[in-house]
Amino acid sequence: MTIDRPEKANSLTPEMLETLCNIVEKIQKAQSVILTGTGAVFSAGADLEAARKGLGVSPLWERLSAGVAAVQGLTIAALNGTLAGGAMGMALACDLRIAVPDARLFYPVMRLGFLPQPSDPGRLVALVGPARAKLILMGGQRITAQEALWFGLIDRIVDGDVVDAALMLTTDVMAAETTHVAAIKRMI
C-alpha cells in the first residue's frame, strides 16, 4: 500500500483514510502487507485543512490502526522518509518498521492540542518504554532514524530502496502456508 500525495507530504485526507481502512479490512488474511509513501515523506499525518475541520479527532485513525494490527500476516512500515502525526498510528500497528537513514519521526499531539489515537500510547510504550514515549508524545521531540533504532521504535535502517528491503523481509512469509504464518504471529 502506497500513500501517494507527495506534493502535500503524503498528508492524509478523510477520503484517503477511508480508502486505507477499506483496503486493510479487505486484506486481513494477507501473508504480508507493506505500507510506504511516495517521495521523500512517508506521511505528515492529517492534511492540515482537514484536521481543522475535525480529521484530527476522527475515529478513522483508530480504525486504520486496528485494521493493520489485525492483519494475519507480516506487516511492515517501509518508512521512505519522515513519519509524523496521525500516520504514526499505522506504523506503530505494523509488526516491523524499517526506515531510510534520513527519516525523522515525531507525533506533535501535545503542541497541536490533540490526544493520540487510543491504541498508540500503549503500542509506543511497548516498543520504547514509558519515558521515551513521554519524550515523543509530551516532549514533542523529533526523533532521528538512528535514535528511533536505538529506542526500538524502528527495527532497521536501510540504505537503498526501503520497499525492496521490506520485500526481502517477506521472502520466508510469502513461501509459507497462510495458516503457518498466522500461527507464528499469534504465538509471538
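What counts and how
- The written sequence of each chain sets the order in which its residues are numbered from 1.
- The model is predicted, so local features are restricted to residues of pLDDT at least 70 and side-chain atom pairs to those at 80 or more, both for listing and for counting; the totals for chains, interfaces and linings are taken over all residues.
- The basis for every side-chain value is the complete set of heavy atoms in the structure, and neither hydrogens nor water enter the calculation.
- A pairing counts as a salt bridge when a side-chain nitrogen of Lys or Arg comes within 4 Å of a carboxyl oxygen of Asp or Glu.
- Think of it this way: any DSSP run of H or I at least four residues long counts as a helix, any run of E at least two long counts as a strand, and we number them from the N terminus.
- When a residue's accessible area, from a 1.4 Å probe over protein chains only, is under 20% of the maximum for its type it is buried; when over 50% it is exposed; and in between it is partly exposed.
- The term polar contact refers here to a pair of N or O atoms within 3.5 Å; inside protein, the definition further demands a hydrogen-donor-capable atom paired with an acceptor-capable atom, and it admits residues adjacent in sequence only when both atoms are side-chain atoms.
- Between two residues, a contact is recorded if the distance between any of their heavy atoms is within 4.5 Å.
- Strand pairing requires that DSSP identify at least two bridges connecting the strands.

Report on the pattern of salt bridges, specifying residues and quantitative values.
Taken as a whole and assessed by the stated rule, the structure comprises 6 salt bridges. For Asp47, the salt bridge goes to Arg5, with nearest N and O atoms at 3.1 Å. Of this pair, Asp47 sits in the loop between β3 (41-43) and α2 (48-52) while Arg5 is found in the loop between β1 (2-3) and α1 (14-26), placing the two residues 42 residues apart along the sequence. Overall, the relative accessible area of 12% leaves Asp47 in the buried class. On the basis of relative accessible area, Arg5 is assigned to the buried category, the value being 16%. Residue Asp155 pairs with Arg97 through a salt bridge whose shortest N-O separation is 3.9 Å. Of this pair, Asp155 sits in the loop between α8 (145-151) and β9 (156-157) while Arg97 sits in strand β6 (residues 96-99), and the two are 58 residues apart along the sequence. For Asp155, a relative accessible area of 37% corresponds to the partly exposed category. The buried category is assigned to Arg97, whose relative accessible area is 3%. Residues joined in a network through salt bridges with shared partners are Glu18, Glu25 and Arg63.

Any chance you could break down the side chain of Asn80 for me, citing the residues and the numbers?
By the element assignment, Asn80 lies in the loop between β4 (74-79) and β5 (82-84). A distance of 3.4 Å separates the side chain of Asn80 from the side chain of Thr36, its partner in a polar contact. At 3.0 Å, the side chain of Asn80 and the backbone nitrogen of Gly37 are in polar contact. Once residues within four sequence positions are removed from consideration, Asn80 is found in contact with Thr36, Gly37, Thr38, Gly39, Ala40, Val41, Phe42, Val100 and Val162.

Could you give an account of the sheet that holds strand β8 (residues 143-144), naming the residues involved and the relevant values?
Reading across the sheet, the 4 strands line up as β3-β5-β7-β8 and stay open at both edges, with mixed pairing between neighbours. Unpaired on one side and paired on the other, β3 and β8 mark the two borders of the sheet. Bridge analysis of strand β7 (residues 104-106) against β8 gives 2 bridges, and the strand direction is antiparallel. Within the sheet, the bridge partner assigned to Arg104 lies in β8 and is Thr144.

Outline the environment of Leu35, supporting the account with residue identities and numerical values.
Residue placement: Leu35 occurs in strand β2 (residues 32-37). For Leu35, a relative accessible area of 4% puts it in the buried group. The spacing of Leu35 and Asn80 is 45 residues in sequence and 9.8 Å in space, taken between C-alpha atoms. Not counting residues up to four positions away in its chain, the partners in contact with Leu35 are Met1, Phe42, Val68, Ile76, Ala77, Ala78, Met90 and Cys94.

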